[in-house]
Amino acid sequence: MIEQERLPPYLAYLNPEQLKAVLHEGSPLLILAGAGTGKTRVITTKIAYLVKERGISPESILAVTFTNKAAREMRERAALLEPSCERAVIRTFHSFGSWFLRRNAQALELDSNFVIYDDEDSASLVQAILPNLGKPECRRYASLIARAKDYGLEPDSPSLATLIRDDDFRRVYSLYEERLRATGNVDFGDLIRLPAKILEKDEVIARRTKQRFRVLLVDEYQDSNVAQFLLLQRLFSPETYLCVVGDDDQSIYRFRGAEIRNILSFASIFPGTETIKLERNYRSYQSILDIAGDVVSRNSGRLGKTLRATRPGGAKPQLALLDDQDQEVSFCARIIGEMRAKGASLSDIAILYRTNAQSLAFEKEFPRRGIPYRLVGALRFYDREEVKDLLAYLSLLLNPRDEIAFRRIVNKPARGLGEGSVESILDKAAREGLSPIEACRQSQELLRGRGKAGMEQFLGLLDRATALLGTMMYQDEPYSLSDGGKRSTKGENSDAKGGKAIGGDAGSASLAILLETIVKESGLVGYHRDQDEIAGTQKLANMDELINASSLYPLASEGLAEFLETIELDRSFQAGSDAELKDAVTLITMHNTKGLEFPCVIVSGLEQGLFPRDDEEGEDLEEQRRLFYVSLTRAKDRLYLSACRWRRIRGRIIETSPSRFLTEMDPSLYEFWKLGASASRPQAGSFPRRTFPATQRTAGSAGASLIPKAGSYGSRPLPSASSLASNRSAALTGSKSSAQAETGPGASPEWKRGQAVYHDEYGRGSVIKVSMTESSGSLVIVQFETGKIAQFFPKYTRKLERIKD
DNA sequence: TCACAGTGACTTTTT
DNA sequence: GTCACTGTGA
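Everything numeric here is computed off the predicted structure, so don't read it as measured data.

Cut-off values and rules
Residues numbered from 1 in each chain as written. Chains lettered and ligands numbered in written order. Predicted model: local features only at pLDDT ≥ 70, side-chain atom pairs only at ≥ 80, totals over all residues. Heavy atoms only, no water. 1 Å grid on protein atoms, 1.4 Å probe; cavity = no way out; pocket = protein on both sides within 12 Å on 5 of 7 lines; lining within 4 Å. Points joined across faces, edges and corners; volume = space filled by probe spheres on them. Helix = DSSP H or I, 4+ residues; strand = E, 2+ residues; numbered from the N terminus. Nonpolar A, V, L, I, M, F, W, Y, C, P; charged D, E, K, R; others polar. Near = heavy atom within 4 Å. Polar contact = N/O pair within 3.5 Å; in protein donor to acceptor, adjacent residues only side chain to side chain. Salt bridge = Lys/Arg side-chain N within 4 Å of Asp/Glu carboxyl O. Buried < 20%, exposed > 50% of the residue type's maximum accessible area, 1.4 Å probe, protein only.

Under the defined criterion, the tally for this structure stands at eight cavities of 30 Å³ or more. Size it by volume and the largest cavity reaches roughly 210 Å³. Every residue lining the largest cavity is counted, 18 residues in all, and those nearest its centre are Ile-116, Asp-121, Lys-388, Leu-391 and Ser-395. Of all the secondary structure elements, the ones that give two or more residues to the lining of the largest cavity are β4 (116-117), α18 (385-398), α19 (403-409) and α26 (557-569). Among the residues forming the lining of the largest cavity, the class breakdown is 10 nonpolar, one polar and seven charged.

Following this line, the structure appears as structure tokens:
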């Protein structure tokens, strides 16, 4: 053990628990790391420590995460501490699975040049098997299959029936597997399941692998699924040092097969496990952790942690109970305005919601109010039709057996190869054991007229593309992915053992040439240009974007393989430069915020029926509560919560009540959001204490007009949304109309130099400068009597009031 | 093969 | 309210 006072600097930064976790060795280790407790620092430091101080070779370390972003960060930070850590295998679970599978594919008689099918491809495969099924039904089966694979279940697993109660499922799953093997490709689930299978049945590979990886580190362990657990178990040997890091309170992916029991039972599955808790939170004020801790304490199945803030105090979170979504947007706009006025960057602010549909209200209104926003998630670049089309051409070049890619593009753009022709070609392929492409070459007699010409054109295109790629396109020679070094800026790990150099004399020619050729000669350009003109889409631009991305890879089949693998496994790429969006508010689903943090967080839509849904009970409810917990702990400085009494859901306006997560909360932990004192005179009156415990604290700001609607509201522990919101609506509506019509108190004509003002926080002052901005109305710079100078967009703040001298 | 209209469905989604 | 799927008709 290293003496405390002689710690190298990179260890000296750690707190005692973190240090203990880094120095720990021997038994399996479970690090329970709460939100914001420096989890990544511990893992990366541990990797560096093992290499630097313990003489572990970096190659023998395997660290797995769930997201590419996390993997990238871990890789970079470990390498910063110890450059040789670059040789450690730090990857996502799936990327590791793919890496392993390509190296050991022969153990399952699989080609190592497989392409990875995404969910949509899987659904298409089901569709190919069961042509009579509707598309939604195919998707359902595909997702059930994915779930079965998450649980490590095979078509013949006895327990399959307990997971999925559909009599046909076993048959569909079995057919799917057969058909998938025929394409030579794999799906996401296979990237976990198949490596586990190889390790189980091939002793030689298993021994070699266990000898290689002496250290296993797993991040976000609470979100691992059963299949991932099985893989881990098969990588584990008595000589392996196993360390998992996670937070049971942040397990939010149950619906995709994440098994919280993995972390809850870790210690009992791996005997001798030592558990270290990291509870010192460096991110949030104590006031935020208090409310988050209160929320999650209501869950039963927990290991139990209490976060302590290193930043004591902090403003109490504010809860805004509003009338409807329009008010919610106004509310957010006001918070944004206030933050802006305080000099915060818009990128410091995030608005969180449960479902993607909820972003719409913000998206519609923010541009009108001059608020730039950045929408996270939503429609992913690689899920777009035109991108998938182009990728399908590429997949087909790499693997001519790819039936799904073939179906997708053989007649796209239309070449006169209708459903009948395609099916007869695929029939022939199946009967004679040919790839679809080979079947095409041999089936020209089946076609005539337009179809015949179309087929010639199609095959001609593939031939030219193949020629461009150079050699050995259809040969079975195994290649090794990225062994020969990196060309990609995406930073895939290269195998430390090294491998043969990438062959071919591609010179500096890039893959972009191939993509351009395909796009032009296939007619995709014309096809999508038409669509662009009709629907105002960005399809051409998106294809350009993809071509652009491909230019980093060499024009060779290996380059193509690497390009596809990178894309298949890291789909986070967003088209369009984000430089212009640097200063923008983040709109994001609660799920997508995991691992992120923002100085200011607004959690919106906290209504019963929406979050949680009314049908969520038991384990589901606990998961939603964890999701709420995750959302709250994203906030560093300021936290706002909002709920609407009336919410438009699917075109219907529905009366709601506040989320049970709010009503069950300790009311002393938050404040009701109130307008600046300058905005409206608080009126007399208060809520009946019996029904509203928080009244005492907020009576001053609570309004007069308690509207006792529909009786049921009277007995709620929280006031109805309307009772509070009705006080606010005037002010909010006011701010809204001023924003839209430029006539309200915030409008520009009335702001002049020398105007005396009063500010809610800074007191009296005088305007020293007024300037106009295009999007946000006038910008007013004020010198206060305190000497402070601050700038405001009157449009966004009501804290600034004009007064007479 | 395509364009259109009518119907129904609708959480979350690291890979 | 929106979108995507489905079936119809040209």
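So, about the protein's contact with DNA strand C. The immediate surroundings of DNA strand C are formed by Gly-134, Lys-135, Pro-136, Arg-139, Lys-364, Arg-650 and Gly-651. For DNA strand C, the fraction of atoms within 4 Å of the protein that belong to sugar or phosphate moieties is 38%. Between DNA strand C and the protein, one listed contact pairs a phosphate oxygen with a side-chain N or O atom of Arg-139 at 2.7 Å. Between Arg-650 and DNA strand C, the recorded distance is 3.4 Å, taken from a backbone N or O atom to a base oxygen. The leading source of residues in the surface near DNA strand C is helix α7 (residues 135-150), at three residues. Residues that form the surface near DNA strand C fall into these classes: one nonpolar, two polar and four charged.

Here we come to the layout of surface pockets. Quantified by volume, the second largest pocket comes out at close to 810 Å³. Contributing elements (two or more residues each) for the lining of the second largest pocket: α16 (325-341), α17 (359-365), β16 (635-649), β17 (652-655) and α30 (721-741). Classifying every residue of the lining of the second largest pocket by side-chain character gives seven nonpolar, 10 polar and 15 charged.

Turning next to the pattern of salt bridges. Scanning the entire structure with this criterion turns up 64 salt bridges. Glu-177 is paired through a salt bridge with Lys-149; the nearest N and O atoms lie 2.7 Å apart. Within this pair, whereas Glu-177 is found in helix α9 (residues 169-183), its partner Lys-149 is found in helix α7, the two being separated by 28 residues in sequence. Judged by its relative accessible area of 11%, Glu-177 falls in the buried class. Glu-365 serves as the salt-bridge partner of Arg-369, at 3.0 Å between the closest nitrogen and oxygen. Taken individually, Arg-369 and Glu-365 each receive the classification buried, so the pair is uniform in this respect. Through salt bridges with shared partners, a single ionic network connects Asp-118, Glu-120, Asp-121, Asp-383, Glu-385, Glu-386, Lys-388, Asp-389, Arg-408, Lys-412, Lys-539 and Arg-571.

On their own, these measurements won't tell you what the molecule is for.
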